[in-house]
Amino acid sequence: MASYLWAKRAASFLRVSVPFRSFATVLKDLKYAESHEWVKVDGGDIAVVGITDHAQDHMGDVVYVELPKVGTQVKQGKSFGSAECNKTVIEINSPISGNIVQVNEEVRDSPGLVNASPFEKGWMIKVEMKDAEELKSLMDADHYSKFCQEEQDRDH
């Protein structure tokens, strides 16, 4: 328990959330969808989208990523691409609506980045948001941690 308290204090300093059962990294400054995608807005109307650490951990090794072209319109909750792993294809949904302004070509060439660095080098797309109000329907880090914990408890 003492190590958990230390980890919680360290996590607070580093701006990450550490659930009691450490299943994945959850960053505090992101928003999360129930389908396990994250979105980060650094001011303005451009949002970066990727899949969560929790999702990539459950998927296993990502061997192929299919992403749309720049200029494609995405809609909140709808698929914009897919990731292939362990002979399974997973749909990737957009947590927000808007126009794709950039695609991470590195992920296409090195899909393992999704596993190795889901929040940094493994991002998928950048979107010019159509409606920033959609962010309010997404979970913050604490709610997403609880959501993942409940999901994990149901599965075991």
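Here is what the cut-offs are and how they apply
- Residues numbered from 1 in each chain as written.
- Predicted model: local features only at pLDDT ≥ 70, side-chain atom pairs only at ≥ 80, totals over all residues.
- Heavy atoms only, no water.
- Salt bridge = Lys/Arg side-chain N within 4 Å of Asp/Glu carboxyl O.
- Helix = DSSP H or I, 4+ residues; strand = E, 2+ residues; numbered from the N terminus.
- Buried < 20%, exposed > 50% of the residue type's maximum accessible area, 1.4 Å probe, protein only.
- Pairing = 2+ DSSP bridges.
- Axes fitted to C-alpha atoms, helices over the stretch in contact; angles between N-to-C directions.

1. Some remarks on the pattern of salt bridges
And then number 1: For the coordinates displayed, the defined rule picks out three salt bridges.
And then number 2: With a closest N to O distance of 3.8 Å, K40 and D29 form a salt bridge. Taken as a pair, K40 in strand β4 (residues 37-41) and D29 in the loop between β2 (26-27) and β3 (31-32) lie far apart in primary sequence, 11 residues in all.
And then number 3: K40 sits in the partly exposed class, given a relative accessible area of 26%.
And then number 4: The salt bridge partner of K136 is E133, with a shortest N-O separation of 2.9 Å.
And then number 5: Taking the relative accessible area as the measure of exposure, K136 reaches 64% and is therefore exposed.

2. Regarding the sheet that holds strand β8 (residues 79-85)
And then number 1: As summarised here, the arrangement of the three strands in space is β6-β8-β9, forming an open sheet in which the pairing is antiparallel. Whereas interior strands pair on both sides, the edge strands pair on one side only; in this sheet they are β6 (62-66) and β9 (88-93). Averaged over all adjacent pairs, the angle separating strand axes in this sheet is 25°, with direction ignored.
And then number 2: For β8 and β9, the ladder comprises six bridges, and the chain directions are antiparallel. Directly across from A83, in β9, lies its bridge partner I90.

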